[in-house]
Amino acid sequence: MTRSFIIWALTLAALAAQQNPGTFPAMQRKPADPATIARGRALFGVNCVACHGADARGGQLNGPNLLRSQLVLADRDGEKIAPVVRDGRPERGMPPFPLGAADVSAVVEFLHSLTAASPGQGAPPPSETPLPDIVVGDAVAGRQYFVATCAACHAADGDLRGIATRARDARALQNLWVSGGATGRRGADDAAPAIIATVTAERAEPVRGRLIFIDDFEIKLRLDDGSVRSWGRAGSSPRVRVEDPLEGHKALLSALTDRDMRNLTAYLVTLK
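Since this is a predicted model, take the numbers as computed values, not measurements. (Residues numbered from 1 in each chain as written. Predicted model: local features only at pLDDT ≥ 70, side-chain atom pairs only at ≥ 80, totals over all residues. Heavy atoms only, no water.)

**So, the overall build of the chain**
Short version of the rule: Starting at the N terminus, helices and strands are each numbered in turn, a helix being any DSSP run of H or I of at least four residues and a strand any DSSP run of E of at least two. A contact between two residues is defined here by any heavy atoms of the two lying within 4.5 Å. Here the accessible surface of atoms and residues is derived via Shrake-Rupley with a 1.4 Å probe, and residues count as covered only by protein chains that are part of the display.
The helix and strand inventory of the chain stands at twelve helices and five strands. A separation of at least 24 residues holds for 57% of the contacts in the chain among residues at least 6 apart in sequence. Accessible area of the chain: about 16000 Å², with a carbon and sulfur share of 53%.

**Comments concerning the packing of aromatic side chains**
The geometry of two aromatic rings is summed up by the distance between their centres and the angle between their planes. What counts here: Working definition: rings of Phe, Tyr and Trp (its six-membered ring) pair if their centres are within 6.5 Å, and the pair is stacked with planes under 30 degrees apart, edge-to-face with planes over 60 apart, and tilted otherwise. Each residue is assigned to one of three classes by its accessible area relative to the maximum for its type, calculated with a 1.4 Å probe on protein chains only: buried under 20%, partly exposed between the two thresholds, exposed over 50%.
For the structure shown, the criterion picks out two aromatic pairs. A centroid spacing of 5.4 Å and a plane angle of 55° characterise the contact between Phe 44 and Phe 110, whose relative ring orientation is tilted. One end of the pair, Phe 44, is in helix H3 (residues 34-47); the other, Phe 110, is in helix H7 (residues 101-117), with 66 residues separating them in the sequence. Taking 5.7 Å as the distance between ring centres and 50° as the angle between the ring planes, the aromatic pair formed by Phe 146 and Tyr 267 counts as tilted. Of this pair, Phe 146 sits in helix H8 (residues 139-149) while Tyr 267 sits in helix H12 (residues 258-268), and the two are 121 residues apart along the sequence. Summarising the burial analysis for this pair, Phe 146 and Tyr 267 share the class buried.

**Thoughts on the confidence of the model for the chain**
Worth spelling out the cut-off: Per residue, pLDDT captures the predictor's confidence, and it can take any value from 0 to 100.
Chain-level statistics for the chain give a pLDDT mean of 80 and a share of 78% at 70 or above. Of all the helices and strands in the chain, helix H1 (residues 3-17) carries the lowest mean pLDDT, 49, while H8 carries the highest, 95. Predicted confidence is poor over residues 13-20, with pLDDT under 50, and the contacts of this stretch with residues over four places away or in other chains come to eleven contacts. Overall, residues 183-191 carries pLDDT values under 50, and its contacts beyond four positions in sequence, including any with other chains, amount to eight contacts.

**Quick word on the pairing of strand E2 (residues 207-214)**
Note the threshold: Strands pair, by our definition, only if DSSP identifies at least two bridges between them.
Summarising the sheet, strand E1 (residues 196-200) and E2 pair through four bridges and their orientation is antiparallel. Along E2, the bridge assignment pairs Val 199 with Val 207. What sits between E1 and E2 in their antiparallel hairpin is a turn of six residues, with Arg 203 showing a positive phi close to 55°. Direction of pairing for E2 relative to strand E3 (residues 218-222): antiparallel, over a ladder of four bridges. Residue pairing across strands places Ile 214 opposite Ile 219, the latter belonging to E3.

**Details of a nonpolar patch on the surface**
Keep this limit in mind: Candidates for patches are residues over 30% relative accessible area with no salt bridge; among them, like charges are joined within 9 Å and nonpolar side chains (Val, Leu, Ile, Met, Phe, Trp, Tyr) within 5 Å. For this analysis, a salt bridge means a side-chain nitrogen from Lys or Arg found within 4 Å of a carboxyl oxygen belonging to Asp or Glu.
Taken together, the side chains of Ile 212, Phe 213 and Val 228 present a nonpolar region at the surface, about 240 Å² in accessible area. Val 228 sits in the partly exposed class, given a relative accessible area of 44%.

**A few points about the sheet that holds E1**
Defined as follows: Fitting a line to C-alpha atoms yields each axis, with helices limited to the stretch in contact; the angle taken between N-to-C directions then spans 0 to 180 degrees.
Spatially, five strands are ordered E4-E3-E2-E1-E5 in an open sheet, and the strand pairing comes out antiparallel. Bordering the open sheet on either side are strand E4 (228-232) and strand E5 (239-243), each of which pairs with just one other strand. Strand-to-strand twist in this sheet, taken as the mean axis angle between neighbours without regard to direction, amounts to 40°. Across five bridges, E3 lies against E4 in antiparallel orientation. Residue pairing across strands places Arg 222 opposite Val 228, the latter belonging to E4.

Following this line, the structure appears as structure tokens:
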């Protein structure tokens, strides 16, 4: 299968996904017009494929997987992606690309279309091509990474004993450990570790419960009796303290390299 065919197939999948928005904000963004996405695809094919790969999950020159890039996923209108395309990241070996503003925007929209087509953050858009074997890392290096990074909270002969048998395959195992158990599947919220928050309004007793929703203007908690309470937020009032058991995993996403992920998965599949 040629590189151009793969990119063409991804574009079709992206356009199809526009009719069925997914769970994550990156999947729910209003799509650009097809002509802009097609131009972005062509520019990506010329300038980016060597490093980031035809499916944006990393190429022969070891560029990062853009489908799990926090910068790409957090981008709303090119404010994060465009500066990287224009200016490069010399400290990481990425050169600047002297593209015009319209071309940069087209590349941004093409990347948005790929994340919109992804069935989950980091996963490739749907394709009829058989999925590749993801167990390609070095299990010994993965064990070393585990000891240095994960052993403070997890133990191979403790909570992770037999973890490879709890997942249906290596891909599910990788999704499990990267997310910390919160896989992002619909209906999986009750199984995910609960995020607890404590709200303390002025001259009121603290209220503690499971966090349902929070933004700059509102917070909602589900209390132990099943009831739901909400508060308006204005600056630092009321005081809010959030206890997120997955905080470490979320922080890891910004530091985790593709090589470390492959190595750690290769190690974890041995824990049967």
